[in-house]
Amino acid sequence: MSIKLQNTNNLVMVDDSDIDIMLMKRFVKKSDLKNEFISFSSGEKFLDYMEQFKQDPTDMPALILLDINMPGMNGFEVLEALRDSTEFKELPVVTFLSNSNSPSDFDRCRELNAGMQEKFSDTDKCVVFLNSLIP
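Residues numbered from 1 in each chain as written. Predicted model: local features only at pLDDT ≥ 70, side-chain atom pairs only at ≥ 80, totals over all residues. Heavy atoms only, no water.

### Notes on the packing of aromatic side chains
Turning to step 1, where the next piece is worked out: The tally for this structure, following the rule as stated, stands at 4 aromatic pairs.
Turning to step 2, where the next piece is worked out: An angle of 35° between the planes, with centres 5.3 Å apart, marks the rings of F120 and F129 as tilted.
Turning to step 3, where the next piece is worked out: Given the relative accessible area of 16%, F120 is considered buried.
Turning to step 4, where the next piece is worked out: Taking relative accessible area as the criterion, F129 reaches 13% and is therefore assigned buried.
Turning to step 5, where the next piece is worked out: Grouping aromatic residues by their ring pairs yields a cluster made of F40, F46, Y49 and F53. (Phe/Tyr/Trp six-rings, centres within 6.5 Å; stacked < 30°, edge-to-face > 60°. Buried < 20%, exposed > 50% of the residue type's maximum accessible area, 1.4 Å probe, protein only.)

Pasting the structure below:
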């Protein structure tokens, strides 16, 4: 799945790890992206935030970076909840897997129309990834 951002709306990360959020925030600042970076520490908080876009999709996020392994709602459950809403069927989502190489996880991402990426620990690789999102 090749993702290109369609606008400069928010880039949203959903991850229970403060460290991963802090790193991604730094990576985004080093990239050429013009999108504002916002984050949520749980799938539930993120889904609450997304409710506003059902009425007015104008400022809907340009991209969601979604951690799979989270307590409470895991990333797949969050992604399923998004895809259950017609408003979010085509919303670009990249899921992050930190320790899975299970073919069933890859299949599930494809079924839910989401890209898949290992988490980044290397600044340069992440910046290259982020810059690849620019059309």
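### Comments concerning the side chain of D20
Turning to step 1, where the next piece is worked out: Note that D20 resides in helix 1 (residues 18-30).
Turning to step 2, where the next piece is worked out: Among the polar contacts made by the side chain of D20, one reaches the side chain of K119 at a distance of 2.6 Å.
Turning to step 3, where the next piece is worked out: Apart from residues lying up to four places away in sequence, D20 is in contact with M13, D15 and K119. (Helix = DSSP H or I, 4+ residues; strand = E, 2+ residues; numbered from the N terminus. Polar contact = N/O pair within 3.5 Å; in protein donor to acceptor, adjacent residues only side chain to side chain. Contact = heavy atoms within 4.5 Å.)

### Structural notes on the state of the cysteines
Turning to step 1, where the next piece is worked out: All told, the structure shown has 0 disulfides when counted by the stated rule.
Turning to step 2, where the next piece is worked out: You can see C109 has no disulfide; the closest cysteine sulfur is in C126, sitting 17 Å from it.
Turning to step 3, where the next piece is worked out: Overall, the relative accessible area of 1% leaves C109 in the buried class.
Turning to step 4, where the next piece is worked out: By relative accessible area, C126 is classed as buried at 0%. (Disulfide = S-S within 2.5 Å.)

### Brief notes about the nonpolar core
Turning to step 1, where the next piece is worked out: In terms of nonpolar packing, the biggest core is built from 25 residues, with V12, F46, Y49, M50, I64, L66 and L82 touching the most fellow members.
Turning to step 2, where the next piece is worked out: Once you skip the residues sitting within four places of it in the chain, F46 turns out to touch V12, V14, F40, I64, V78 and L82.
Turning to step 3, where the next piece is worked out: Among the nonpolar cores identified, the runner-up in size contains 20 residues, and M13, F37, A62 and F129 belong to it. (Core = buried A, V, L, I, M, F, W, Y, C linked by side-chain atoms within 4.5 Å.)

### Considering the side chain of N9
Turning to step 1, where the next piece is worked out: Inspection of the secondary structure puts N9 in the segment before strand 1 (11-14).
Turning to step 2, where the next piece is worked out: Taking the relative accessible area as the measure of exposure, N9 reaches 15% and is therefore buried.
Turning to step 3, where the next piece is worked out: A polar contact of 3.2 Å, which involves the side chain of N9, links it to the backbone oxygen of T58.
Turning to step 4, where the next piece is worked out: A polar atom in the side chain of N9 sits 2.8 Å from the backbone oxygen of M60.
Turning to step 5, where the next piece is worked out: Those residues within four positions of N9 in sequence are excluded, and the remaining contacts are N35, E36, T58, D59, M60, P61 and A62.

### Concerning the packing of helix 2 (residues 43-50) against helix 4 (residues 75-83)
For any two helices packed against each other, the geometry comes down to the angle between their axes and how far apart the axes lie.
Turning to step 1, where the next piece is worked out: It is at 10 Å that the axes of helix 2 and helix 4 come closest, and there the two elements cross at 15°. If you check the angle between helix 2 and helix 4, you find them roughly parallel. Note that helix 2 runs across helix 4; the crossing there is right-handed. Each of G43, F46, L47 and M50 in helix 2 lies in contact with helix 4, whose residues at this interface are V78, A81 and L82.
Turning to step 2, where the next piece is worked out: Broken down by class, the residue content of the contact of helix 2 with helix 4 amounts to 6 nonpolar, 1 polar and no charged. (Axes fitted to C-alpha atoms, helices over the stretch in contact; angles between N-to-C directions. Parallel < 35°, antiparallel > 145°, perpendicular 65-115°, else oblique. Left-handed = near helix turned anticlockwise from the far one by under 90°. Nonpolar A, V, L, I, M, F, W, Y, C, P; charged D, E, K, R; others polar.)

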